[in-house]
Amino acid sequence: MAQITINGQKYELLYNGAAMFAVHDICGEVSLTDAIRAEGAEAFEIIARIGAELAKQGELLRRFMGEDKRPILTAEEILATTTPIGAMHLRTAIMAAITEGYKRSTAQENGDIDLGLLELNKKKTSPR
């Protein structure tokens, strides 16, 4: 997962299947690449919504993995607290998360073993 720090809090950005469909809905007829590269207030609102969705998916995965709950980032918080340089970092983190999301699914489909998932499943099935 890609990471971003917003308002002093670190968030993991995850591009999974749920995020893919949510981002498609957010972007509408605009391609994801064009949405991330676009400039202006409306474009930044879309980027904030995409960033919030990826952060939500990252947090939901953390919780699924048994981690303690942390706050879920909102688009409103991104819009209110992100600096101009922070907006550039957010775009970069979103692109990194998307790239990693596609690499991760490709690796799993090619038969590579996800050792972290294997360990998690082992913990779930072992008697306590």
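That block above? That's the structure.
A quick note: this is a predicted structure, and the numbers were derived from the prediction, not measured. All residue numbers here refer to positions counted from 1 along the written sequence of the relevant chain. With the structure being a predicted model, the display of local features is reserved for residues of pLDDT at least 70 and the display and counting of side-chain atom pairs for 80 or more, all residues being used for whole-chain, interface and lining totals. Note: side-chain values were computed over all heavy atoms of the structure, leaving out hydrogens and water.

*Asks:* Explain the pattern of salt bridges residue by residue, including any values.
*Replies:* What makes a salt bridge here is a side-chain nitrogen of Lys or Arg within 4 Å of a carboxyl oxygen of Asp or Glu, nothing more. All told, the structure shown has eight salt bridges when counted by the stated rule. A salt bridge links Arg 62 to Glu 59, with the nearest nitrogen and oxygen atoms 3.0 Å apart. With a gap of three residues between them, Arg 62 and Glu 59 both fall in helix α3 (residues 41-64), about one helical turn apart. By the burial criterion, Arg 62 is buried, and Glu 59 matches it. The partner of Arg 62 in a salt bridge is Glu 67, and the shortest N-O contact between them spans 3.9 Å. When salt bridges with common partners are traced through the structure, they connect Glu 12, Glu 59, Arg 62, Arg 63, Glu 67 and Arg 70 into a single cluster. Secondary structure elements are taken from DSSP: a helix is a run of H or I of four residues or more, a strand is a run of E of two residues or more, and numbering for both begins at the N terminus. Type-normalised accessible area, obtained with a 1.4 Å probe on protein chains alone, sets the label of each residue: buried when under 20%, exposed when over 50%, and partly exposed for intermediate values.

*Asks:* Explain the packing of helix α1 (residues 17-27) against α3 residue by residue, including any values.
*Replies:* A fitted line through C-alpha atoms represents every axis, and for helices the fit uses only the stretch in contact; the resulting angles, taken between N-to-C directions, go from 0 to 180 degrees. At their nearest, the axes of α1 and α3 sit 10 Å apart, and the two run at 165° to each other. When the interaxial angle is binned, α1 and α3 end up roughly antiparallel. As for how α1 packs across α3, the hand of that crossing is right-handed. Judged by residue contacts, Ala 18, Ala 19, Ala 22, Val 23, Ile 26 and Cys 27 of α1 engage Ile 46, Arg 49, Ile 50, Glu 53, Leu 54 and Gln 57 from α3. For this classification, Asp, Glu, Lys and Arg are treated as charged, while Ala, Val, Leu, Ile, Met, Phe, Trp, Tyr, Cys and Pro are nonpolar and the rest, including Gly, are polar. Taken together, the residues of the contact of α1 with α3 sort by class into nine nonpolar, one polar and two charged. Angle categories are assigned with fixed cut-offs, so that under 35 degrees is roughly parallel, over 145 is roughly antiparallel, 65 to 115 is roughly perpendicular, and the rest are oblique. Handedness of each helix crossing follows the sense of rotation of the near helix against the far helix: counterclockwise by less than a right angle gives left-handed, clockwise gives right-handed. Contacts are residue-level and defined by heavy atoms, with any inter-residue pair within 4.5 Å sufficient.

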